[in-house]
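Architecture and fold: a report
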2 protein chains.
Amino acid sequence: MCVNMDLMATTLPLLDTAVAKCCAEPGSAPLDRDEADAVARLLKAVADPVRLQIISIVRCSEGGEVCACDLPSPLGLAQPTVSHHLKVLVDAGLLERERRGQWAWFSLVPERLELARRALGT
Amino acid sequence: MCVNMDLMATTLPLLDTAVAKCCAEPGSAPLDRDEADAVARLLKAVADPVRLQIISIVRCSEGGEVCACDLPSPLGLAQPTVSHHLKVLVDAGLLERERRGQWAWFSLVPERLELARRALGT
């Protein structure tokens, strides 16, 4: 978990700069490779059908949060596979995880989704 | 080329429905797997550093279009590699290609980028 936090702390300023440049006007400097790498890492986390379904299930849930135990059935996948995809989304900062007793609950991080959206321009 | 056009014609209505569902309110039905597949295909086309750089270079160009011949140098890649990435973007409907003499010129398809953005929610 420390490794992921470190990674996020290191890449976050770069990602912010990169996303700002994605929305740049004609005549401004395009993304360099490091900036494009940072944006691609964020977009790759969502560019997967199972992870898009997870984001959609959380968004459509009445309380805005979903228990990990309620995901295998609608996704038609085993718990370890679901856990892998949840980890990718948490590592990318797109989902927040809260442990309650035996299970973890997940909610969206809207600012982070907004960052991914802005990376595609305005 | 015909195959790609057929593919786009087949998946486009599904993609439109899917993107609308991505922005759904709490309580509505989440994405099913086919819809998530369609959205993931579109997002995968942009979730790559080189393709993000290409989109950024076209967006930042003064005329809103770039000649394929002007891309290898800023990307630091050989023409065949650049051509592969251009093809992925054209196949996904994100770039439009116009042949002029020896070279192809590329411009963005803003509606298609907007579709990718809406797939990440509102």
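Source: prediction; values computed, not measured.

The pLDDT averaged across chain A works out to 85; a share of 87% of its residues lies at or above 70. Below pLDDT 50 for its whole length, residues 1-7 of chain A participates in 3 contacts with residues either more than four positions away or in separate chains.

Superposing chain A onto chain B takes a rotation of 180° plus a shift of 0.0 Å along the axis, which leaves an RMSD of 0.0 Å. A rotation of that kind, with that shift, is consistent with a two-fold axis. Taking the C-alpha atom as reference, chain A places A:Arg117 closest to the rotation axis, 2.5 Å from it. In this assembly, 100% of the residues forming the interface of chain A have copies in chain B that are likewise at the interface, indicating an isologous arrangement.

Before going further, it helps to spend a moment on the sheet that holds strand β2 (residues 95-100) of chain A. Residues and elements named next belong to chain A. Overall, antiparallel pairing links the 3 strands, which are arranged β1-β3-β2 in an open sheet. Each of the sheet's edge strands pairs with one partner strand only, and the pair in question is β1 (65-67) and β2. If you compare each strand with its neighbour and ignore which way they point, the axes differ by 25° on average. Pairing analysis gives 6 bridges linking β2 to strand β3 (residues 103-108), with the strands arranged antiparallel.

A word on the state of the cysteines. Should the sulfur atoms of two cysteines be covalently bonded, the bond is a disulfide. Residues and elements named next belong to chain A. If you walk through the whole model with that rule in mind, you get 2 disulfides over all chains. Put simply, Cys-67 and Cys-69 are joined by a disulfide, and their sulfur atoms are 2.3 Å apart. Where Cys-67 bonds to Cys-69 through sulfur, the torsion about that S-S bond is close to 125°, and the disulfide is right-handed. With a relative accessible area of 2%, Cys-67 lands in the buried category.

Criteria and cut-off values
Residues numbered from 1 in each chain as written. Chains lettered and ligands numbered in written order. Predicted model: local features only at pLDDT ≥ 70, side-chain atom pairs only at ≥ 80, totals over all residues. Heavy atoms only, no water. pLDDT = per-residue confidence, 0-100. Contact = heavy atoms within 4.5 Å. Least-squares fit on C-alpha atoms with pLDDT ≥ 70 in both. Pairing = 2+ DSSP bridges. Helix = DSSP H or I, 4+ residues; strand = E, 2+ residues; numbered from the N terminus. Axes fitted to C-alpha atoms, helices over the stretch in contact; angles between N-to-C directions. Disulfide = S-S within 2.5 Å. Buried < 20%, exposed > 50% of the residue type's maximum accessible area, 1.4 Å probe, protein only.

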